[in-house]
Amino acid sequence: MDASTFDIADLFSGKAYPKDTVTVYLDEATGYEIRKAEVAIKDAVLAHESEEKLEELRAGRDKLVEKAAKSRIVVYLTGVSREDRENATKIVTTEFPTETDFLGRIKPNPEADEKLTNLYWALHIEKLERPDGSVLAPVTEADAKLFRANAPDSVLEKINKGINELSEGVKGGFESLAQEHDFLSQPSPKG
């Protein structure tokens with residue numbers, strides 16, 4: 001047989017990782033006021049309030065949206081290699097060795113979980129950008145720790161969801177490719 005050969009290292013050279021952005025707002029008080037304004041608008045529509053009243057409510061909401069824009073942060077995310085994630089796990093398990101209880105179950109360790117999450121954030125977040133164009137890059141473990149300690153829970157959830165989507169989206173894309181490509185009906189390369 002005259003099979004073509006290839007270099008295994010060449011398969012992975014230039015490997016690209018997915019990238020995405022997540023926009024978050026840090027002003028919790030204004031976020032809450034926007035929610036209240038949205039409810040007031042909805043209630044006014046249901047109550048068949050005058051168009052003047054609706055415009056007044058919408059104008060109030062728009063002012064709040066402008067105010068919230070000052071606290072907007074765009075988070076630039078990137079996928080990372082399995083090797084980088086494994087190295088982060090090794091760092092954490094070295095610093096916080098696994099302990100078991102008398103039944104052999106692994107004891108929870110919130111400090112280790114916190115450190116691992118901060119390391120993952122530092123790996124996945126390429127940069128943070130403020131509305132004035134200022135940028136924090138690269139994001140370090142200390143930056144991730146400070147951000148996570150002070151940001152609203154909804155912001156943390158949105159960023160975590162974005163990070164998870166990078167890997168889940170890749171899996172979903174590959175699953176779609178597999179469904180689109182009927183491997184059994186493809187002829188062999190040599191006919």
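Structure: see above.
Presented here is a report on the structure given in the accompanying data block. (Residues numbered from 1 in each chain as written. Predicted model: local features only at pLDDT ≥ 70, side-chain atom pairs only at ≥ 80, totals over all residues. Heavy atoms only, no water.)

**Looking at the layout of surface pockets**
The criterion, for reference: Each cavity reported here is a set of points on a 1 Å grid over the protein atoms alone in which a 1.4 Å probe fits but cannot get out, each pocket an open set with protein on both sides within 12 Å along at least five of seven lines, and each lining residue one with an atom within 4 Å of a point. Grid points are joined across faces, edges and corners, and a volume is the space filled by probe spheres set on the points. We count a stretch as a helix when DSSP gives it H or I for four or more residues in a row; a strand needs E for two or more, and each element gets its number in order from the N terminus. Polarity classes work like this: nonpolar for Ala, Val, Leu, Ile, Met, Phe, Trp, Tyr, Cys and Pro, charged for Asp, Glu, Lys and Arg, and polar for all others, with Gly in that last group.
Quantified by volume, the second largest pocket comes out at close to 230 Å³. Along the wall of the second largest pocket there are 14 residues; nearest its centre are F96, T98, N109, A112 and D113. Mapped onto the lining of the second largest pocket, the elements with two or more residues apiece are α4 (82-95) and α5 (110-124). Classifying every residue of the lining of the second largest pocket by side-chain character gives 7 nonpolar, 4 polar and 3 charged.

**Quick notes on the pattern of salt bridges**
Side chains that differ in sign of charge can pair as their charged atoms come close. So the rule is basically this: Here, a salt bridge means any side-chain nitrogen of Lys or Arg that lies within 4 Å of a carboxyl oxygen of Asp or Glu. Each residue's exposure class comes from its accessible area (1.4 Å probe, protein chains only) as a fraction of the maximum for that residue type: buried when under 20%, exposed when over 50%, partly exposed otherwise.
Evaluated as defined, the whole model comprises 11 salt bridges. Of the charged contacts, one joins E51 and R58 as a salt bridge, the two residues approaching to 3.4 Å between their closest N and O atoms. On the basis of relative accessibility, which here comes to 26%, the residue R58 falls in the partly exposed class. Of the charged contacts in the structure, one is a salt bridge between E114 and R148, with a shortest N-O distance of 2.8 Å. Residue E114 is found in helix α5, and its partner R148 is found in helix α6 (residues 141-150); the two are separated by 34 residues along the sequence. The network of salt bridges with common partners includes E38, R61 and D62.

**Concerning the sheet that holds strand β4 (residues 135-136)**
Our working definition: Strands pair, by our definition, only if DSSP identifies at least two bridges between them.
Taken together, the 4 strands give an open sheet; going across it, the order is β1-β2-β3-β4, and neighbouring strands pair in antiparallel fashion. Each end of this open sheet is capped by a strand with a single partner; those strands are β1 (19-25) and β4.

**Describing the packing of helix α2 (residues 28-46) against helix α3 (residues 51-69)**
Heads up, the condition is: Here an axis means a line fitted to C-alpha atoms, over the contact stretch when the element is a helix, while the angle between two N-to-C directions is reported on a 0 to 180 degree scale. The labels follow the angle: roughly parallel below 35 degrees, roughly antiparallel above 145, roughly perpendicular from 65 to 115, and oblique for the rest. If you view the pair so one helix is near and one far, a crossing is left-handed when the near helix is turned anticlockwise from the far one by less than a right angle, and right-handed when it is turned clockwise. In this analysis, two residues are considered to be in contact whenever any of their non-hydrogen atoms come within 4.5 Å of each other.
Two numbers describe how α2 lies on α3: the axes approach to 9 Å, and their chain directions differ by 160°. One element, α2, and the other, α3, form an angle in the roughly antiparallel class. In this structure, the crossing between α2 and α3 has a hand that is left-handed. Each of T30, E33, I34, A37, E38, A40, I41, A44 and V45 in α2 lies in contact with α3, whose residues at this interface are L54, L57, R58, R61, L64, V65, K67 and A68. For the contact of α2 with α3, the residue count by class is 11 nonpolar, 1 polar and 5 charged.

**What about the nonpolar core?**
Quick reminder of the rule: We call a set of buried residues a nonpolar core when its members are Ala, Val, Leu, Ile, Met, Phe, Trp, Tyr or Cys and they connect through side-chain atoms within 4.5 Å of each other.
Within the largest apolar cluster, 17 residues are counted, with the highest numbers of intra-cluster contacts made by V75, W121, I125, F147 and I159. Within the residue set of this core, elements represented by two or more residues are β1, β2 (72-78), β3 (125-129), α6 and α7 (153-180). Beyond its immediate chain neighbours, meaning those up to four positions away, I159 contacts V24, V75, L77, W121, I125 and F147. Within the second largest apolar cluster, 5 residues are counted, among which are A88, V92, A112 and L119.

**Examining the packing of aromatic side chains**
Note the threshold: Aromatic rings from Phe, Tyr and Trp, taking only the six-membered ring of Trp, are treated as a pair when their centres fall within 6.5 Å; an angle between ring planes under 30 degrees marks them as stacked, one over 60 as edge-to-face, and anything in between as tilted. Any Lys NZ or Arg CZ found within 6 Å of a ring centre and within 35 degrees of that ring's normal is scored as a charge over the ring.
Summed over the entire model, instances satisfying the criterion amount to 1 aromatic pair. A centroid spacing of 6.0 Å and a plane angle of 50° characterise the contact between W121 and F147, whose relative ring orientation is tilted. Of this pair, W121 sits in helix α5 while F147 sits in helix α6; the two residues are 26 residues apart in sequence, bridging distant segments of the chain. There is no split in this pair, since W121 and F147 are both buried. Lying over the aromatic face of Y76, K127 brings its terminal NZ or CZ to 4.5 Å of the ring centre.

**With respect to α3**
The cut-off we apply is this: Expected helix span is given by 1.5 Å per residue-to-residue step, counting one fewer step than there are residues.
Taking 1.5 Å of rise per residue, 19 residues should cover 27 Å, and α3 covers 27 Å from first to last C-alpha, within 8% of that figure. In this structure, the buried side of α3 is in contact with β1, α2 and β2.

**Things to note about unusual backbone geometry**
For the peptide bond that leads from A137 to P138, omega is -10°, which places it in the cis range. Its identity is not glycine, yet H48 carries a phi of approximately 55°, on the positive side. Judged by its relative accessible area of 71%, H48 is exposed.

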